[in-house]
Structure formats: structure tokens, C-alpha cells
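# Survey of secondary and tertiary structure
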Amino acid sequence: MTPDRQKFALLKDARRIWVVASAHGEADRLERLQRAIWEKLIAGDRLVYLGNLLGRGPAVGETLDRAIAFRRAVMAVEPAEDEQVVFLRGAQEEMWQKLLQLQFATDPRGVLSWMLDQGIGPTLTAYGSSPAEAQRVASQGAVGLTRWTQSLRAAMAGRPGHAAFMSALRRACLTEDGALLFVNSGLDPTRPLDSQRDSFWWAVGGFSRITEPYGAYRRILRGFDPRHPGFVETEFTVTLDAGCGFGGPLLAACVSPEGEVLERLEA
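So, a few notes on the structure that sits alongside this text.

## A few points about the nonpolar core
In terms of nonpolar packing, the biggest core is built from 67 residues, with Val-48, Tyr-49, Trp-96 and Phe-182 touching the most fellow members. With six residues, the top contributor of residues to this core is helix H2 (residues 60-77). With sequence-adjacent residues up to four places away left out, Tyr-49 is seen in contact with Val-20, Leu-30, Gln-34, Ala-67, Phe-70, Val-85, Val-86, Phe-87 and Leu-88. With 17 residues, the next largest nonpolar core counts Leu-174, Val-183, Tyr-217 and Phe-236 among its residues.

## Quick notes on the pairing of strand S2 (residues 16-20)
Of all five residues that make up S2, five are buried, and the element is covered over most of its length. Every second residue of S2 is oriented toward a common face, with Arg-16, Trp-18 and Val-20 on one face and Ile-17 and Val-19 on the other, all of them buried. Alignment of S2 against strand S3 (residues 45-49), held across five bridges, turns out to be parallel. Looking at the pairing, Ile-17 lines up with Arg-46 of S3. In this region the chain leaves S2, passes through helix H1 (residues 27-40) and returns to the parallel neighbour S3; the handedness of that crossover is right-handed. Across four bridges, the pairing between S2 and strand S10 (residues 251-255) is antiparallel. Within S10, the position partnered with Val-20 by the bridge is Ala-252.

## Digging into a negative patch on the surface
There is a patch of like negative charges on the surface, built from Asp-13, Glu-81, Asp-82, Glu-176, Asp-177, Glu-258 and Glu-260. Here Glu-258 lies in the loop between S10 and strand S11 (261-266).

## Notes on the packing of aromatic side chains
According to the stated counting rule, one finds eight aromatic pairs in the structure shown. Grouping aromatic residues by their ring pairs yields a cluster made of Phe-8, Phe-200 and Trp-201. Over the ring of Phe-231 we find Arg-264; its NZ or CZ atom is 3.9 Å from the centre of that ring.

Rules and cut-offs
- Residues numbered from 1 in each chain as written.
- Predicted model: local features only at pLDDT ≥ 70, side-chain atom pairs only at ≥ 80, totals over all residues.
- Heavy atoms only, no water.
- Core = buried A, V, L, I, M, F, W, Y, C linked by side-chain atoms within 4.5 Å.
- Buried < 20%, exposed > 50% of the residue type's maximum accessible area, 1.4 Å probe, protein only.
- Helix = DSSP H or I, 4+ residues; strand = E, 2+ residues; numbered from the N terminus.
- Contact = heavy atoms within 4.5 Å.
- Pairing = 2+ DSSP bridges.
- Right-handed = clockwise from strand over helix to strand, strands pointing away.
- Patch = residues over 30% accessible without salt bridge, like charges linked within 9 Å, V, L, I, M, F, W, Y side chains within 5 Å.
- Areas by Shrake-Rupley, 256 points an atom, 1.4 Å probe, with all protein chains shown as cover.
- Salt bridge = Lys/Arg side-chain N within 4 Å of Asp/Glu carboxyl O.
- Lys, Arg positive; Asp, Glu negative; His and termini not counted.
- Charge placed at Lys NZ, Arg CZ, Asp CG, Glu CD.
- Phe/Tyr/Trp six-rings, centres within 6.5 Å; stacked < 30°, edge-to-face > 60°.
- Lys NZ or Arg CZ within 6 Å of the ring centre and 35° of its normal.

This is how it looks when you write it as C-alpha cells:
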């Protein structure tokens, strides 16, 4: 397929690809992992963050700051017009985008309650609000909610690169030859890539059913599994999630353009 570049990132001429699992606001772990990647980085390497930089952990804003700064450093190694560093939209980023439009929800309090259960509270705190304030505002009607979401947008705009980060998120990433596919958490193997919609974040069960090639892809890699099984490699898939943000470490891996796992890192 010819990917919609507004939705899907395309990696060209990748020598190796580093993939980073869901950091979930764990800035210190991300910093240690990025330092380890930097020591091993060579020209031609590409980097994919597999979503969920936001949410759950204690330092959401700092996590984004460090990922954005590392992106600049990696791109300076080998300046090029093609995408070298890709940020995928995870469930946390998807929820945050929806929260910024909460005034349009038919049941704002119900939607907010569900989001808080899913761990969006620390992201609210990062941008100057709190779960308690959110719950109070959600009961005030559309006008109050609109003012509140506008204040959150302003707070994001006040942190360099954060609004641009949200605008640059992609639903999935694939290599130019179509050998590798990178997603956040899920995939519905019965549907084509351009029809996945929210399956990338919520179709977790579908990913575990991949026991044969999905289209022409040799391997699909993801960075979040709610069971947090660690590093799990099958013939056609790779899962990286040891529970960062839930008390576990943050994982990364280096893969070849053919999908062979060359190295694994943990912080």
C-alpha cells in the first residue's frame, strides 16, 4: 500500500531500527535508555517510540522534554529530509487528544471517569490541572469545559515542542519495503492497515491472534500490552512491555530491516 503520510510514518534506507516501549511518564528510565541507545547509535539508524509517552508515571512533562531533545540529537547525526525519528500515537495520547475536546462529549463526566481509570491523571497534572479540578469542571457544562480545555492547550503550547509532538504523532509506522510494521498495542488481523482506526490502541486481543503473516509484513512490533509480559518474540510479532509506569522497567530493542532482533535494552 501507499501509506497516508498524515497517518502512517515511512522509514526509508534504515540500517537498523531502535524501538522504545511505552514509557508512561517515567522520565528517568527514558533518559537512561536513551543514553544507552546513544552510545550504540550509528549513521543510518532509525528510532521509533511506540506510543504512551504520556500518562501514569510521575514526570509526564519531563518525559516529553527528554524524548523531544533526543529526537533533535539523533537527527543531527545524519541530517536528512526523510523521517528518522517517529513518535506513534498510543492510547494515552489518543485519550489526551479526546480530553482536549471533552466539551463535545455527550457524557463528559462518564468519559472523564473512564480516562482517569486509564491513567490520564498525571498528564492533567503535567499541564497545570488535576483530576479533582477536571471532575469539578466536567459538571459545569460546555462553556466551563471549553475554557478549561483551552487552558490545557495553552499550557501545552507553553512547553517547547509539546504541541508539535501531538501534531506529529502517527498511527503506525512501516518500513519502505513493507517488511516491518510498528504499532502501539493492538491490531485487527482481519482488517487492512488503512481500516484499523482505533484498533492500534484497543484491539489488544487481536495482536495475540497473529499466527501467520499479516499482509506482506514479516514482523509487527508493539510497545504496550496490558499484561506487561516483558520481551515476547514470536515468528511474526515482537512485544516490548515490562510494565514501565506500573512498577516495571522500560524496554527497547534494535532490529534489522528484516525484523531480526539484534539487541535488547532495559532501564
